[in-house]
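Chain residues, written in single-letter form:
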Amino acid sequence: MGIGMGVRRWVVRVVVVVTATSVLAGAGWFALGRAPLLDVPGVSRRLADPAAEAERKVGAAVDVILQRRARAVLTGDQAAFLQDLDPANAALRRRHIQLFRNLRTLGFRAIAYHRAEVWLNDKAASGSSAFRVVMRYQLAGPGHVPTVTELGYTFAPKAGRWLLVDDDDLDADLDEAHRQPWDFGPIQVIRRPGVFVIVSAGDGAFGRKVAADSLVALAEVRKVWLSRLQPTVIVVAMKEREALVRSWQLPGHGIAAFAMPLVDNTVPTDRTTGKVVGGWVVINPKERKDVDTGLLAHEFTHVGAVRLGDGTPLWLVEGLAEYVSYQVVADRSRGWAMGVEKYRDEIRADSLADLKVLPIDGVFHGDFGEDTYGVSWLAVEHLVKAVGIRKVTNFYAEVAKSTEDREQLLRKHTGFTEPQLVAALKASAR
Ligand SMILES: [Zn+2]
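Computed from a prediction, not measured in an experiment: that's the story for all the values here. (Residues numbered from 1 in each chain as written. Predicted model: local features only at pLDDT ≥ 70, side-chain atom pairs only at ≥ 80, totals over all residues. Heavy atoms only, no water.)

What follows covers the overall build of the protein chain. Helix and strand counts for the protein chain stand at 11 helices and 14 strands. Taking all contacts inside the protein chain whose residues are at least 6 apart in sequence as the whole, residues at least 24 apart take part in 69%. (Helix = DSSP H or I, 4+ residues; strand = E, 2+ residues; numbered from the N terminus. Contact = heavy atoms within 4.5 Å.)

Written out as C-alpha cells, the structure reads:
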C-alpha cells in the first residue's frame with residue numbers, strides 16, 4: 001500500500017531464528033597452509049561387529065573424498081574437486097562444476113567438510129551410504145566468522161572405489177535453510193567495506209546498487225547497535241527462489257526479506273550445541289526491484305540483534321527495525337521526510353485512539369490489525385525520544401536473554417511501565 005510521498009509499507013519482514021544445527025566425525029577443520037587433521041585423538045576405537053567395521057571403512061573412504069574436495073576449493077583444483085564424482089551421472093557433474101566455480105567466486109579463508117551420521121536412505125540404490133555432511137567455512141576478507149551449514153551426500157562403491165553418486169537424497173530431511181546461495185546457478189559477488197553482496201551472475205549492476213544502499217543503511221544501523229552489529233554483513237539477493245528460504249509466504253502476508261542467523265560449532269557434527277555467530281539478509285527474489293535503503297536498514301537492525309537472544313517482545317524487535325528504517329528513509333530528501341511524517345499521522349489517527357496494549361507476540365502477524373508495525377514503530381520512537389537510544393538498546397539486549405520479567409526490565413531501563421508507555425503514546429497523538 002502506497003503512502004505519502006511514495007513511502008511504502010513493505011510486506012512483512014521477519015527475523016527467523018532457525019535451530020542451531022551442526023556434528024563431528026574424523027575429518028578436521030583446516031585452513032589453507034595448515035595440514036588437515038585426519039583424525040581426532042581418542043575417537044577411533046575397535047569395532048568388532050562386522051557391520052560397524054564396514055561402516056568404519058566407508059567412513060574412512062568418505063573422509064578422504066571430503067578432504068580432497070575442501071582442499072581443492074582452497075587451491076583452485078577443479079579436477080580434484082570432481083574426481084570422486086560418479087562418471088555415469090552427467091547432471092551431478094554439471095552441478096558440481098557450477099558449485100566449484102561458485103565456491104571459488106566466494107573465496108574462502110578456510111573450509112572443511114565433516115562427515116556426520118549415516119542416514120537411512122530409501123532413495124539410493126542398495127549398497128550405497130548417505131551421510132549428513134557439515135560444511136564449516138570462513139569466507140576470505142575482513143569481518144567474516146566461521147559458520148556451519150549442512151549437506152546430504154550419497155556414496156556408493158563402483159569399480160573398486162567409493163564415489164559421490166548423489167547430492168540431494170537427504171534434501172527433505174535436512175534443515176529447511178540448507179540450500180545455500182552457491183547451490184544454484186552462477187553467482188557474482190560484490191565486496192565493499194562491511195558489506196558482501198551475493199547476486200546471480202549477470203546481475204552486477206543490481207548488486208552494486210544493493211551494496212551502495214547497504215552502506216547507507218549500515219551507517220545508521222551501526223549508530224544504533226555499535227559493536228553489537230557484526231563487522232561485515234552478507235546480503236543474498238539472487239533470482240533463484242529457494243536459496244536459504246523455502247517459503248516466502250506467511251499466512252496472509254508476503255515476505256520481502258529475511259534476516260537469518262549464521263550458526264557455528266567447533267564440534268561441527270553436533271546438532272545441539274551450535275551458537276549463533278551473526279546473521280545475513282536474504283531478499284525475496286520477487287521483491288528485488290524494491291530493495292532500498294529502508295528495507296535494508298530494517299533487516300540489518302535484525303541482524304544486529306541476532307546474537308542477543310530471542311526473548312525480545314516483537315513490538316520492540318519490529319518497532320526498532322522500523323524506527324531505524326524510517327530514520328534512513330527520512331534522511332533521503334525533504335519529500336521522503338514528509339512522507340514519513342504523513343504515515344506517522346495516519347497511524348496516530350487510525351490506530352492509537354483505540355490502543356489498549358502494545359502488539360502482543362502471539363497475534364503480531366495475525367489478529368492485531370493492519371498497523372502492528374506502525375504502532376510498534378511509534379512506541380519505540382517515543383521511547384527513544386524520552387530516554388535516548390542507548391537505554392532502549394540496553395533494554396533490548398537484556399530482555400533478549402530471557403522471556404521473563406519483561407515488565408520489570410522495561411521499567412528498569414526506561415522508567416516506563418507498559419500502560420504508561422501506551423498512555424504516553426496516545427497522549428502524543430492528541
Ligand atoms: Zn522485521
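Moving on, we come to empty space enclosed by the protein. Counted by the stated rule, this structure contains two cavities of 30 Å³ or more. Along its surface, the second largest cavity is lined by Val236, Met238, Glu240, Ala243, Trp248, Val282, Ile283 and Pro285. (1 Å grid on protein atoms, 1.4 Å probe; cavity = no way out; pocket = protein on both sides within 12 Å on 5 of 7 lines; lining within 4 Å. Points joined across faces, edges and corners; volume = space filled by probe spheres on them.)

Our focus in this paragraph is the sheet that holds strand 5 (residues 129–139). Reading across from one edge, 4-5-6-7 is the order of the four strands in this open sheet, with antiparallel pairing throughout. A single partner strand is all that each edge strand has here, and the edge strands are strand 4 (108–119) and strand 7 (161–166). Averaged over all pairs of adjacent strands, the angle between strand axes in this sheet comes to 40°, irrespective of strand direction. With nine bridges connecting them, strand 4 and strand 5 associate as antiparallel partners. Along strand 5, the bridge assignment pairs His114 with Val134. Where helix 3 (residues 90–106) meets the sheet, it contacts strand 4, strand 5, strand 6 (147–158) and strand 7, and its direction lies at approximately 85° from that of strand 7. (Pairing = 2+ DSSP bridges. Axes fitted to C-alpha atoms, helices over the stretch in contact; angles between N-to-C directions.)

So, on to the environment of Val380. The topology assignment puts Val380 in helix 8 (residues 372–387). Judged by relative accessible area, which is 0%, Val380 ranks as buried. In this structure, Val380 is in contact with Trp315, Leu316, Gly319, Leu320 and Tyr323, ignoring residues within four places of it in sequence. (Buried < 20%, exposed > 50% of the residue type's maximum accessible area, 1.4 Å probe, protein only.)

Turning our attention to the pairing of strand 8 (residues 187–192). Relative to strand 9 (residues 195–200), strand 8 runs antiparallel, the two being bridged by six bridges. In the strand pairing of strand 9, Arg192 is matched with Val195. The hairpin turn running from strand 8 into strand 9, its antiparallel successor, is two residues long, and Gly194 in that turn takes a positive phi close to 90°.

Our next topic: the pairing of strand 6. The buried fraction of strand 6 amounts to 10 of the 12 residues, a majority that puts the element mostly inside the structure. Relative to strand 6, strand 5 is paired through nine bridges, and the arrangement is antiparallel. Across the sheet, residue Val134 finds its bridge partner in strand 6, namely Glu150. With five bridges joining them, strand 6 and strand 7 adopt antiparallel strand pairing. Counted as the bridge partner of Lys158 is Arg161 from strand 7. Between strand 6 and the antiparallel strand that follows it, strand 7, lie two residues; Ala159 among them carries a positive phi value of about 50°.

Inspection of the entire model under this criterion finds 19 salt bridges. As a salt-bridge pair, Asp63 and Arg115 come within 2.7 Å of each other at their nearest N and O atoms. In this pair, Asp63 is assigned in helix 1 (residues 50–75) and Arg115 in strand 4, connecting sequence segments 52 residues apart. For Asp86, the salt bridge identified is with Lys158, shortest N-O distance 2.8 Å. Taken together, the residues span a long stretch of sequence, with Asp86 in the loop between helix 2 (78–82) and helix 3 and Lys158 in strand 6 at a distance of 72 residues. Taking the relative accessible area as the measure of exposure, Lys158 reaches 35% and is therefore partly exposed. Three or more residues are tied together by salt bridges with common partners; here these are Arg68, Asp84 and Arg161. (Salt bridge = Lys/Arg side-chain N within 4 Å of Asp/Glu carboxyl O.)

What follows covers the packing of aromatic side chains. Scanning the entire structure with this criterion turns up 10 aromatic pairs. Here Trp225 and Tyr396 contribute two aromatic rings whose centre-to-centre distance is 5.0 Å and whose plane-to-plane angle is 90°, an arrangement assigned as edge-to-face. Residue Trp225 is located in helix 4 (residues 204–225), and its partner Tyr396 is located in helix 9 (residues 389–400); the two are separated by 171 residues in the primary sequence. Ring geometry for Tyr343 and Trp377: centres 5.6 Å apart, planes at 20°, overall stacked. Of the two residues, Tyr343 sits in helix 7 (residues 334–352) while Trp377 sits in helix 8, which places them 34 residues apart along the sequence. With relative accessibility at 1%, the residue Tyr343 sits in the buried group. (Phe/Tyr/Trp six-rings, centres within 6.5 Å; stacked < 30°, edge-to-face > 60°.)

Here helix 4 contains 22 residues, and its C-alpha end-to-end distance of 30 Å stays within 8% of the 32 Å for a straight helix at 1.5 Å per residue. Maximal helix bending in helix 4 amounts to about 25°, located at Leu218. (Expected span 1.5 Å × (residues − 1). Bend = angle between axes of the 7 residues up to and from the residue.)

A few words now on the nonpolar core. Side chains of a nonpolar character, in soluble globular proteins, are inclined to be buried together. Membership of the largest hydrophobic core comes to 66 residues, with the highest contact counts inside it found for Trp225, Ile283, Phe300 and Trp315. Per-element tally for this core: the top contributor is helix 6 (residues 314–332), with nine residues. What Phe300 contacts, discounting residues up to four positions off in sequence, is Ser214, Ala217, Leu218, Val221, Trp225, Leu229, Val233, Val235 and Val281. Within the second largest apolar cluster, 51 residues are counted, among which are Ala70, Leu92, Phe155 and Ile255. (Core = buried A, V, L, I, M, F, W, Y, C linked by side-chain atoms within 4.5 Å.)

It is at 8 Å that the axes of helix 4 and helix 5 (residues 293–305) come closest, and there the two elements cross at 45°. It follows that helix 4 is oblique to helix 5 by the angle criterion. In the packing of helix 4 onto helix 5, the handedness of the crossing is right-handed. Of helix 5, the residues touching helix 4 (which contributes Val210, Asp213, Ser214, Val216, Ala217, Leu218, Val221 and Trp225) are Thr293, Leu296, Ala297, Phe300, Thr301, Gly304 and Ala305. Of the residues contributing to the contact of helix 4 with helix 5, the split by class is 10 nonpolar, four polar and one charged. (Parallel < 35°, antiparallel > 145°, perpendicular 65-115°, else oblique. Left-handed = near helix turned anticlockwise from the far one by under 90°. Nonpolar A, V, L, I, M, F, W, Y, C, P; charged D, E, K, R; others polar.)

Looking now at the packing of helix 6 against helix 8. It is the contact of helix 6 with helix 8, at a shortest axis distance of 7 Å, that shows an interaxial angle of 75°. Of the possible angle classes, the one that applies to helix 6 and helix 8 is roughly perpendicular. Here Trp315, Leu316, Glu318, Gly319, Leu320, Glu322, Tyr323 and Tyr326 of helix 6 lie close against helix 8, whose contacting residues are Tyr373, Ser376, Trp377, Ala379, Val380, Glu381, Leu383 and Val384. Considered class by class, the residues forming the contact of helix 6 with helix 8 number 11 nonpolar, two polar and three charged.

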